[in-house]
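Below, each chain spelled out in residue letters.
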Amino acid sequence: MNQPRTLYDKHIDSHTLCPLDDDGHVLLYIDRQVLNEYTSPQAFSGLREAGRTVWRPETALAVVDHVNPTAPQRIAAMPDEGGARQVSYLAENCRDFGIELFDVLDKRQGIEHVVAPEQGFILPGMVVAAGDSHTTTYGALGAFGFGIGTSEIEHLLASQTLVYKRLKTMRVTVEGRLGLGVASKDIIMALIEKIGASGATGYAIEFTGSTIDALSVEARMTVCNMAVEAGARGAFMAPDDKVFAYVKDKLRAPKGEQWEQAVAKWRALKSDEGAVFDREVAIVATAIQPMVTWGTSPDQAAPIGARVPDPAGEEDPIRRRDLQRALDYMGLEPGQRLDGIAISHAFIGSCTNARIEDLRQVAEVVRDRKVADGVRAMIVPGSTAVRAQAEAEGLAEIFLAAGFEWRQSGCSMCLAMNDDVLDAGDRCASSTNRNFEGRQGAGARTHLMSPAMVAAAAWPVA
Ligand SMILES: CC(C)[C@@](O)(CC(=O)O)C(=O)O
Ligand code: SF4
């Protein structure tokens, strides 16, 4: 009688080509890979130096997203010499190795983790690797996605495989209905706050429960995207009819009889009854409130109605020192109300929260309202397709009327790697996933929150 297996086990078992040693390393087959201009150059240089080709170029998709400008008038020129070189080298590599590229002027361009699902490039049951830690996003489709380093990208391009060691498994069960104004972003932020930024290090997380089942596929992507901010190197949600409906009409989804066969297989993609996880975490949905970060790590977060914590209350001297350092960087005082902190910038974007559903929620908040004087508010759609859809739905007009900048697609102000950079002392309400020191610019302060909360933060403090 076979042991009951988790969904993670099933993915790894079905993609293991052979064991490699007695320490649990296996040769793992990878179905798809996504490449970007920032983390791929060294991998391609390595292939060129070794005189190797790409084993299966049709399983790779390249996109420009990190360094490109997002000004309203789309331009091909990069903001600096380094970015221009990265983009031209990506184009040269895709041409020479036969890889499809969505360059900055392509109407399919966007942030890789928004574009790949949009294209049907990621399907349930797949194992996906990319030179980006937020590849965990694809767990929302019942795929297994994880980030890899440059040398692994080269190995993957040359062989379609990776040397892989199985992770531990964590099941996070979320039950109940989310409260009014509570978004999927708040679920993952509450989990990260609960278990800590390294609480899931060495684990793959499977999300289950009625709350997860009730989420849309895009909302699920937000949860899986940020699993890495708790240290996880994999996130899963069993694919269901919502996922099948999401995938069905995508360009690269199976069609006709192949579709029926695929769905029949995908329905089996769930953990077996009785499967044992290395760790179980339970979260009650009704206890989750809209969250904001106050510190410089995604786990330094609290409900919007809370106050800035006091490091003096922390007994551990190291943690106390870290708390104080975070408050000093953020320019906050213990006891300050989080909902009373004035911001200078409001940024809605990133692979975490800039899909069409996110923009619809923002439009509901900003309709017939005006951004506060002194606040610079920007909306950067997750992809050029999302931008087109938002315009077709009249959302862009609502954003512009409210005083938001309506930009082209890219990673933009998620990180200071293009010309959307904040200055020291700027304070940004941000729908992104990382609030590290300097993330959005040297000395800039980032408060992570859901898109709707960013939209609400852009109004005058009452
Ligand atoms: C730094 C950038 C390339 C990155 O996309 C890298 C990553 O997520 O691995 C990020 O958001 O930190
Ligand atoms: S949007 Fe931000 S987190 Fe996502 S890939 Fe780009 S830089 Fe990384």
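What you see is a predicted model; the values in this text were computed from it and never measured. (Residues numbered from 1 in each chain as written. Chains lettered and ligands numbered in written order. Predicted model: local features only at pLDDT ≥ 70, side-chain atom pairs only at ≥ 80, totals over all residues. Heavy atoms only, no water.)

Student: Got a minute to help me understand the overall build of the protein in this structure?
Tutor: A count of helical and extended segments in the protein gives 15 helices and 19 strands. For a compact globule of 462 residues, the expected C-alpha radius of gyration is about 23 Å, and the protein comes in at 22 Å, within 12% of that figure. Projected onto the principal axes, the alpha-carbon positions of the protein cover approximately 60 × 50 × 45 Å. Considering the protein as a whole, with its 462 residues, one finds that 59% of them fall into the buried category. When contacts within the protein are restricted to residue pairs at least 6 apart in sequence, those whose partners lie at least 24 apart make up 76%. (Helix = DSSP H or I, 4+ residues; strand = E, 2+ residues; numbered from the N terminus. Rg over C-alpha atoms; globule rule 2.2 N^0.38 Å. Buried < 20%, exposed > 50% of the residue type's maximum accessible area, 1.4 Å probe, protein only. Contact = heavy atoms within 4.5 Å.)

Student: Mind showing me how you'd approach the pairing of strand β15 (residues 345-348) here?
Tutor: A regular strand carries its side chains on alternate faces of the sheet. On β15, burial covers both faces: His 345 and Phe 347 on one face and Ala 346 and Ile 348 on the other are all buried. Two strands pair when backbone bridges link them, and β15 and strand β16 (residues 376-379) are joined in this way by 4 bridges, in the parallel orientation. Pairing of His 345 across the sheet is with Arg 376, part of β16. Handedness of the β-α-β unit built from β15, helix α12 (residues 356-366) and β16 comes out right-handed. Sheet topology places β15 next to strand β18 (residues 427-430); 3 bridges connect them, and they run parallel. Of the residues in β18, the one forming a bridge with His 345 is Cys 428. (Pairing = 2+ DSSP bridges. Right-handed = clockwise from strand over helix to strand, strands pointing away.)

Student: What's the story with the site of ligand 2 in this structure? I'm lost.
Tutor: Ligand 2 sits among His 66, Ile 111, Asp 132, His 134, Ser 350, Cys 351, Cys 411, Cys 414, Leu 415, Asn 433 and Arg 439. Residues belonging to the shell around ligand 2 are distributed by class as follows: 5 nonpolar, 4 polar and 2 charged. Looking at which domains feed residues into the shell around ligand 2, each of domain 1 (7-167 + 240-266) and domain 3 (294-457) supplies at least three. (Near = heavy atom within 4 Å. Nonpolar A, V, L, I, M, F, W, Y, C, P; charged D, E, K, R; others polar. Domains from an automatic or database assignment.)

Student: What is the right way to read the confidence of the model for the protein from this model?
Tutor: Interpretation of the predicted coordinates at a detailed level should be avoided for regions scoring low in pLDDT. Across the protein, the average pLDDT comes to 96, with 99% of residues at or above 70. For this predicted complex, the interface score ipTM comes out at 0.97, while the overall pTM is 0.97. (pLDDT = per-residue confidence, 0-100.)

Student: I'm lost on the sheet that holds strand β2 (residues 25-29) in this one. Help?
Tutor: Note: strands within a sheet are paired through backbone hydrogen bonds, in either parallel or antiparallel orientation. Sheet architecture is open: 3 strands sit in the order β1-β2-β8, paired in antiparallel fashion. This sheet does not close on itself; its edge strands, each paired only once, are β1 (16-19) and β8 (161-165). The sheet shows a mean angle of 30 degrees between the axes of neighbouring strands, direction not considered. Where β1 meets β2, 3 bridges bridge the pair, whose relative direction is antiparallel. Looking at β2, one finds that Cys 18 is bridged to Leu 27. Along the sheet, helix α1 (residues 7-15) contacts β1, β2 and β8; its crossing angle with β1, the most-contacted strand, is approximately 80 degrees. Packing of helix α5 (residues 150-159) onto the sheet brings it into contact with β2 and β8, and relative to β8 it is tilted by some 130 degrees. (Axes fitted to C-alpha atoms, helices over the stretch in contact; angles between N-to-C directions.)

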